[in-house]
Amino acid sequence: VLSDANARLAAARRLTSPRVRRETGRFLAEGAQAVREALARPDTVLELFATADGLVRNDEILRSTNGVSVDEISDKAASSMSETVTPQGLIAVCRQLDVPIETILARRPRLVAVLVHANDPGNAGAILRTADAAGADAVIFAGDSVDPYSGKAVRASAGSLFHVDVAIGVDAEDVLSRFRKAGLVSLATTGVGATDLDDLADSGRLSEPSAWLFGNEAHGLPAAVIDAADESVRVPIYGGAESLNLAAAAAVCLYASARAQRR
Ligand SMILES: C[S@@+](CC[C@H](N)C(=O)[O-])C[C@H]1O[C@@H](n2cnc3c(N)ncnc32)[C@H](O)[C@@H]1O
C-alpha cells in the first residue's frame with residue numbers, strides 16, 4: 001500500500017486543482033466506467049490507483065491495463081482524490097485528450113455541439129454523453145466554459161469524454177467564421193429563437209453538417225453569437241416552463257439533427 005505521503009500520489013491529488021490540470025495536461029478519471037473507457041483509448045492512462053476493495057471489485061478491468069501498473073492506496077488517499085460522496089476506489093491519471101479546433105474541422109465533422117460560457121460541470125458532462133450517444137463528432141468548449149476535465153464533468157460524461165473529439169479554450173467570437181469556412185451550418189439556441197426546431201426539421205436543413213451552439217445556464221448565448229449564427233432556433237415550450245435545462249435542450253437539438261442526418 002502506497003504511503004499517503006507518496007510523491008506520485010501527492011501529484012495525482014493535486015490534479016483536483018484546475019490550475020494543476022492546465023499546467024500538467026493531466027486529469028483524474030474515477031470509477032469503473034470511466035477507467036474502462038480510458039483504458040480502451042490508447043496512450044491515455046498514465047497511472048492507476050485502487051483501494052483494497054477497489055482492486056477486488058474491479059478485478060476484470062485491471063486484468064488488461066496495457067502495461068500500466070496498479071498501485072494500492074488507502075481509503076483515505078482515495079477520498080482525498082475523489083469529488084464524489086462515495087469514493088469509487090479506482091482512479092486513473094490520464095493524459096488530456098483535447099485537440100485544436102482546426103484538427104476537428106479538418107476531419108469534416110457532420111455534427112458538433114458547442115458550449116459557450118457554460119459553467120456547470122454536470123451539464124458539460126451530460127452534453128458530452130448526449131453528443132456521444134447522438135453520434136456527434138465533437139464537443140467544443142468556447143469562451144470561459146467549465147473545464148471538461150473536472151471530476152464532476154468527467155463523472156457526468158459516463159465515459160463519453162473518451163469517445164468524442166473535444167476542443168477547449170476556443171474563442172467564442174471567431175468560432176462562427178471557422179464553421180462557415182468548414183461548411184457547417186451554425187445553429188444558435190435560445191428560447192426566443194426566430195426559427196422553431198420542428199419547422200427547421202421540416203425544412204430539411206438539419207440534414208446538413210451542423211454546429212449547435214448552447215449558452216450559459218443563467219444568461220443564455222451572447223447576443224453577438226445569436227446574431228451572427230446562420231439560424232437562431234427555439235425548442236417550442238408547450239407548457240408553463242420558462243426554459244429548458246441546458247443539457248435537456250442539447251439532447252432535443254442533437255437528436256433532431258441525428259434523426260435528420262441518419263434517415
Ligand atoms: C436555461 S437557458 C438560459 C435562459 C435564457 N433565457 C435563454 O432562453 O437562452 C440555457 C441554455 O439552454 C438552451 N435552451 C434552454 N431553453 C431553450 C429553448 N426553449 N430553446 C432553445 N434553447 C434553449 C440554450 O442553449 C440556452 O442558452
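Residues numbered from 1 in each chain as written. Predicted model: local features only at pLDDT ≥ 70, side-chain atom pairs only at ≥ 80, totals over all residues. Heavy atoms only, no water.

1. Looking at the sheet that holds strand S4 (residues 90-95)
In space, the four strands of this open sheet follow the order S1-S4-S2-S3, with mixed pairing throughout. If you trace the sheet from one side to the other, it starts and ends with strand S1 (26-30) and strand S3 (70-72), each paired once. Between one strand and the next, the sheet's axes are offset by a mean angle of 25 degrees, whatever the strand orientation. Pairing between strand S2 (residues 45-50) and S4: five bridges, direction antiparallel. (Pairing = 2+ DSSP bridges. Helix = DSSP H or I, 4+ residues; strand = E, 2+ residues; numbered from the N terminus. Axes fitted to C-alpha atoms, helices over the stretch in contact; angles between N-to-C directions.)

2. A closer look at a nonpolar patch on the surface
A surface patch of nonpolar side chains, about 210 Å² in accessible area, is lined by Ile237, Leu244 and Val252. Relative to the elements of secondary structure, Ile237 occurs in the loop between strand S11 (231-234) and helix H12 (246-262). Under the relative-accessibility criterion, Ile237 is labelled partly exposed at 35%. (Patch = residues over 30% accessible without salt bridge, like charges linked within 9 Å, V, L, I, M, F, W, Y side chains within 5 Å. Areas by Shrake-Rupley, 256 points an atom, 1.4 Å probe, with all protein chains shown as cover. Salt bridge = Lys/Arg side-chain N within 4 Å of Asp/Glu carboxyl O. Buried < 20%, exposed > 50% of the residue type's maximum accessible area, 1.4 Å probe, protein only.)

3. Overview of the site of the ligand
Around the ligand there are 17 residues in total, and Thr189, Gly191, Gly215, Val235 and Leu244 lie nearest to it. The backbone of Gly191 places a nitrogen or oxygen atom 3.2 Å from an oxygen atom of the ligand. Note that an oxygen atom of the ligand is positioned 3.1 Å from one of the backbone N or O atoms of Gly215. Isolated, the ligand exposes 530 Å² of accessible area, and the fraction of that covered by the protein chains is 87%. Counting only elements with at least two residues in the shell around the ligand, the list comes to S11 and H12. (Near = heavy atom within 4 Å. Polar contact = N/O pair within 3.5 Å; in protein donor to acceptor, adjacent residues only side chain to side chain.)

4. Digging into the pairing of strand S10 (residues 210-214)
Every other side chain in a regular strand lies on the same face of the sheet, so the side chains alternate between the two faces. Among the five residues that make up S10, five are buried, leaving the element largely enclosed by the rest of the structure. A two-sided burial pattern is seen for S10, the buried positions comprising Ser210, Trp212 and Phe214 on one face and Ala211 and Leu213 on the other. Relative to S10, strand S5 (residues 111-116) runs parallel, the two sharing five bridges. By the bridge assignment for S10, Ala113 is matched with Trp212. Alignment of strand S8 (residues 185-189) against S10, held across four bridges, turns out to be parallel. From the neighbouring strand, Ala188 faces S10, where its bridge partner is Leu213.

5. Remarks on the side chain of Asp71
Along the chain, Asp71 turns up in strand S3. When its relative accessible area of 16% is taken as the criterion, Asp71 is described as buried. At 2.5 Å, the side chain of Asp71 and the side chain of Arg8 are in polar contact. Each residue touching Asp71, except ones within four places of it in the same chain, is listed here: Leu2, Arg8, Leu48, Phe49 and Ala50. (Contact = heavy atoms within 4.5 Å.)

6. Examining unusual backbone geometry
Not every positive phi belongs to a glycine, and Arg108 is a case in point at roughly 50 degrees. Along the polypeptide, Arg108 turns up in the loop between helix H6 (101-106) and S5.

7. Quick notes on the nonpolar core
With 51 residues, the main nonpolar core has Trp212 and Leu254 as its most contacted residues. Residue contributions to this core peak at seven residues, all from H12. In this structure, Leu254 is in contact with Leu111, Ala113, Thr130, Ala131, Ala134, Trp212 and Phe214, ignoring residues within four places of it in sequence. Residues Val170, Val175, Leu213 and Val225 belong to the second largest nonpolar core, which totals 22 residues. (Core = buried A, V, L, I, M, F, W, Y, C linked by side-chain atoms within 4.5 Å.)

What is shown is where atoms sit, not what they do.
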